[in-house]
Amino acid sequence: VQLQASGGGLVQAGGPLRLSCVASGRTFSSLYVAWFRQAPGKGREFVAMLSWTGGTADYADSVKGRFTISRDNAKNTAYLQMNSLKVEDTAIYYCALPSTIGTKPGTRTSDFASWGRGTQVTVSS
């Protein structure tokens, strides 16, 4: 499975941004999908995760209430709607898929097998 993330850019603090992640292959609709981010000089951290049906979502505490993960399985696409952005949200954002169908992965990077190239999000004050 190949992933392509897009939608990043420069936005002022408090503003919104919507990221997209398009997946190739037929297994997307059977897999959880997640977003991670990596700020300069820091490790890659979990942001949000969504079940294959879209019915169960998990968020990092730092983004809860501001970010919303969603998906359109007909389009093999996942989204991350980011509202009320903060300077500390500045990072490269990656979408990821686990290797195991039908199982909820953990939130570690090692729980995910397929990664997109990432899209830069920069929030200015």
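Predicted, not measured: the structure shown is a model, and the values here were computed from it. (Residues numbered from 1 in each chain as written. Predicted model: local features only at pLDDT ≥ 70, side-chain atom pairs only at ≥ 80, totals over all residues. Heavy atoms only, no water.)

**A look at the packing of aromatic side chains**
Item 1. If you walk through the whole model with that rule in mind, you get 6 aromatic pairs.
Item 2. Both rings, one in Phe36 and one in Phe46, keep their centres 5.8 Å apart while their planes meet at 80 degrees; by these two values the pair is edge-to-face. Note that Phe36 is positioned in strand β4 (residues 33-38) and Phe46 in strand β5 (residues 44-50), a separation of 10 residues in sequence. The residues Phe36 and Phe46 share a single accessibility class, namely buried.
Item 3. Positioned above the aromatic ring of Tyr94, the side-chain terminus of Arg44 is 3.7 Å from the ring centre.
Item 4. Here the guanidinium or amino end of Arg71 rests over the ring plane of Phe28, the centre of that ring lying 4.4 Å away. (Phe/Tyr/Trp six-rings, centres within 6.5 Å; stacked < 30°, edge-to-face > 60°. Helix = DSSP H or I, 4+ residues; strand = E, 2+ residues; numbered from the N terminus. Buried < 20%, exposed > 50% of the residue type's maximum accessible area, 1.4 Å probe, protein only. Lys NZ or Arg CZ within 6 Å of the ring centre and 35° of its normal.)

**Side note on the pattern of salt bridges**
Item 1. One pass over the structure, following the stated rule, counts 6 salt bridges.
Item 2. Put simply, Arg37 and Asp89 hold a salt bridge, and the shortest N to O gap is 2.8 Å. On the criterion of sequence distance, the pair formed by Arg37 in strand β4 and Asp89 in the loop between β8 (77-82) and β9 (91-97) is long-range, its members being 52 residues apart.
Item 3. Assessed through its relative accessible area of 6%, Arg37 is described here as buried.
Item 4. Linking Lys104 and Asp58 is a salt bridge whose minimum nitrogen-to-oxygen distance equals 2.8 Å. Of the two residues, Lys104 sits in the loop between β9 and β10 (114-115) while Asp58 sits in strand β6 (residues 57-59), which places them 46 residues apart along the sequence.
Item 5. By relative accessible area, Lys104 is classed as partly exposed at 42%.
Item 6. One salt-bridge network, held together by shared partners, links Arg37, Glu45, Arg66 and Asp89. (Salt bridge = Lys/Arg side-chain N within 4 Å of Asp/Glu carboxyl O.)

**Looking at the sheet that holds strand β7 (residues 67-72)**
Item 1. Ordered in space as β1-β3-β8-β7, the 4 strands form an open sheet in which the pairing is antiparallel. Pairing within the sheet leaves two strands with one partner each, and these edge strands are β1 (3-6) and β7. Put simply, the sheet's adjacent strands are angled 15 degrees from each other on average, direction ignored.
Item 2. Pairing of β1 with strand β3 (residues 17-23), which is carried by 4 bridges, proceeds in the antiparallel orientation. By the bridge assignment, Leu3 is partnered in β3 with Ala23. (Pairing = 2+ DSSP bridges. Axes fitted to C-alpha atoms, helices over the stretch in contact; angles between N-to-C directions.)

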